[in-house]
Amino acid sequence: MQPLIDNARTFGQRPEEFAKLAEGQSPQVLFITCSDSRVVPALITGARPGELFELRTAGNIVPPYASEHPTGEAATVEYAVEVLGVRDIVVCGHSHCGAVGALVRGDDLTAVPAVRDWLAQATPRPAGAAEDPEVAEGVQSHVLTQLLRLRSYPCVAEKLAKGRLALHAWYYEVHTGAVRTHRPQTDTFEAL
């Protein structure tokens, strides 16, 4: 913890670098990814403060849209699309994902009921080889499922229909730093 505290103490000693941020934000991208500490959207994309609007959830799950019981995730998506006017949404899964790995393997999660119940929203269960530590196939199919889920959000569907929004599926390899994107034409994940 101490290195984090030390950095936080010196971080605010450059106010001229941050003064413009007080004027507001205008990110062009909503970046939805896992809460995993090895996945750092700004590091992966090279984004500066104010350039990415982030949504991080265990397993980068986008829950089903339900207007009668709104979620924080739905509110974040709606705000990004309707208020900030993002033009792109990236759903980025990653190798070695504990959440998707648990789903692929069918792990017993009774000891962590909140995790179990959250991951239950990831249906259908991602495909993939249970013995693959990278869970590449499982993560990639899971990311595509989350994109489909996003399409059911009214604000996303409306902007997609008007050509004002694009959805992107990414797969990040934590062990190499490589990023792959889904190519619908070939239904494969290829290097950016």
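Look a little higher up for the structure.
On a predicted model such as this, the values are computed, not experimentally measured, just so you know.

**Q** Lay out the packing of aromatic side chains with the relevant residues and their values.
**A** Per the stated rule, a full pass over the model turns up 3 aromatic pairs. Between Phe53 and Tyr79, the aromatic rings sit 5.9 Å apart at their centres with planes inclined by 35 degrees, giving tilted as the arrangement. Within this pair, whereas Phe53 is found in strand S2 (residues 52-57), its partner Tyr79 is found in helix H4 (residues 72-83), the two being separated by 26 residues in sequence. A relative accessible area of 16% places Phe53 in the buried class.

**Q** With reference to specific residues and values, describe the packing of H4 against helix H8 (residues 154-161).
**A** At their nearest, the axes of H4 and H8 sit 9 Å apart, and the two run at 35 degrees to each other. The element H4 and its partner H8 pack so that their crossing is left-handed. Side by side, H4 and H8 meet where Val77, Glu78, Val81 and Glu82 of the first sit next to Cys155, Val156, Glu158 and Lys159 of the second. For the contact of H4 with H8, a count of residues per class yields 4 nonpolar, no polar and 4 charged.

**Q** Can you explain the state of the cysteines? Please cite residues and give values.
**A** Tallied over the entire structure, the rule returns 0 disulfides. The cysteine Cys34 is free of any disulfide, with Cys97 supplying the nearest cysteine sulfur at 4.2 Å. Since its relative accessible area comes to 6%, Cys34 is described here as buried.

**Q** Tell me about the pairing of strand S4 (residues 166-172), and please be specific about residues and values.
**A** In regular strands, side chains alternate between the two faces of the sheet. The element S4 is largely enclosed, with a buried count of 5 among its 7 residues. With 7 bridges connecting them, strand S3 (residues 88-94) and S4 associate as parallel partners. Among the inter-strand pairings, Gly93 is bridged to a residue of S4, identified as Tyr171. Here S4 pairs with strand S5 (residues 179-183) via 3 bridges, running antiparallel.

**Q** With reference to specific residues and values, describe the side chain of Thr57.
**A** You can see Thr57 is positioned in strand S2. Overall, the relative accessible area of 4% leaves Thr57 in the buried class. With residues up to four places along the chain from it excluded, the contact list for Thr57 reads Thr33, Cys34, Ser35, Glu73 and Trp118.

So, how was this worked out
- Residues numbered from 1 in each chain as written.
- Predicted model: local features only at pLDDT ≥ 70, side-chain atom pairs only at ≥ 80, totals over all residues.
- Heavy atoms only, no water.
- Phe/Tyr/Trp six-rings, centres within 6.5 Å; stacked < 30°, edge-to-face > 60°.
- Helix = DSSP H or I, 4+ residues; strand = E, 2+ residues; numbered from the N terminus.
- Buried < 20%, exposed > 50% of the residue type's maximum accessible area, 1.4 Å probe, protein only.
- Axes fitted to C-alpha atoms, helices over the stretch in contact; angles between N-to-C directions.
- Left-handed = near helix turned anticlockwise from the far one by under 90°.
- Contact = heavy atoms within 4.5 Å.
- Nonpolar A, V, L, I, M, F, W, Y, C, P; charged D, E, K, R; others polar.
- Disulfide = S-S within 2.5 Å.
- Pairing = 2+ DSSP bridges.

That is the geometry; function is a separate question.
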